[in-house]
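# Inside the fold
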Amino acid sequence: MARKILNRKELRKQAEAQKASAKGDEPPSTDESPAAEAQPTKLPKPTKRSKKTDKEVRLKAFWGVFNQSLRRVALFEYSERKLADKKAEELTQSTKTPHFVQLVKEVIQE
């Protein structure tokens, strides 16, 4: 079964009243004067913090020739795909282990 929803404001008033009676003070009155309502408490403004913007990272595409254990054997410019395929076939024939071509993106150092 669902529990009864508790009114947190009422529980707080009861707790404050118990604390006040334990101290020997009067319990706080529930009706407030109009003067107290007219003067709202001033809260400090939250400070706005500017976030650091990440530096724009520029990438350049290459074709990499990799062996079976994912180790890069050769690197070719993006426009030299045919040469990369040719190199992968040569290495596959000579070493008897498969080599393949995959796109590689690297950060441009400025």
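Up top is the structure these notes are about.
Notes on the structure follow.

What counts and what doesn't
- Residues numbered from 1 in each chain as written.
- Predicted model: local features only at pLDDT ≥ 70, side-chain atom pairs only at ≥ 80, totals over all residues.
- Heavy atoms only, no water.
- Pairing = 2+ DSSP bridges.
- Helix = DSSP H or I, 4+ residues; strand = E, 2+ residues; numbered from the N terminus.
- Axes fitted to C-alpha atoms, helices over the stretch in contact; angles between N-to-C directions.
- Salt bridge = Lys/Arg side-chain N within 4 Å of Asp/Glu carboxyl O.
- Buried < 20%, exposed > 50% of the residue type's maximum accessible area, 1.4 Å probe, protein only.
- Expected span 1.5 Å × (residues − 1).
- Arc of directions from axis to C-beta.
- Contact = heavy atoms within 4.5 Å.

## Comments concerning the sheet that holds strand 1 (residues 59–66)
Strands sit in the order 2-1-3 across an open sheet of three strands; the sheet is antiparallel. Since the sheet does not close on itself, it has two edges, and those belong to strand 2 (72–77) and strand 3 (100–107), each with one partner. Mean inter-strand twist for the sheet, computed between neighbouring axes without regard to direction, equals 35°. In this sheet, strand 3 lies alongside strand 1 in antiparallel orientation, the contact comprising eight bridges. Residue pairing for strand 3: A61 is matched across the bridge by K105.

## Some thoughts on the pattern of salt bridges
Scanning the model with the defined rule gives four salt bridges in all. Across the salt bridge formed by E77 and K60, the nearest N and O atoms sit 3.4 Å from each other. In this pair, E77 is assigned in strand 2 and K60 in strand 1, connecting sequence segments 17 residues apart. Judged by its relative accessible area of 36%, K60 falls in the partly exposed class. Across the salt bridge formed by E106 and R72, the nearest N and O atoms sit 2.7 Å from each other. A residue pair is termed long-range when its members are at least 10 positions apart, and E106 in strand 3 and R72 in strand 2 qualify at 34 residues.

## Concerning helix 3 (residues 81–95)
For helix 3, with 15 residues, the first-to-last C-alpha span of 21 Å sits near the 21 Å given by 1.5 Å per residue. Among the residues making up helix 3, those that are buried are A84, A88 and L91. The buried residues of helix 3 all sit within an arc of 65° when viewed along its axis, so they share a single face. Those residues of helix 3 that are exposed and angled more than 90 degrees off the buried face are K82, K86, E89, Q93 and S94. Those residues of helix 3 that are buried are in contact with strand 1, strand 2 and strand 3. Of the residues one or two after helix 3, K96 is the one with positive phi, at around 65°.

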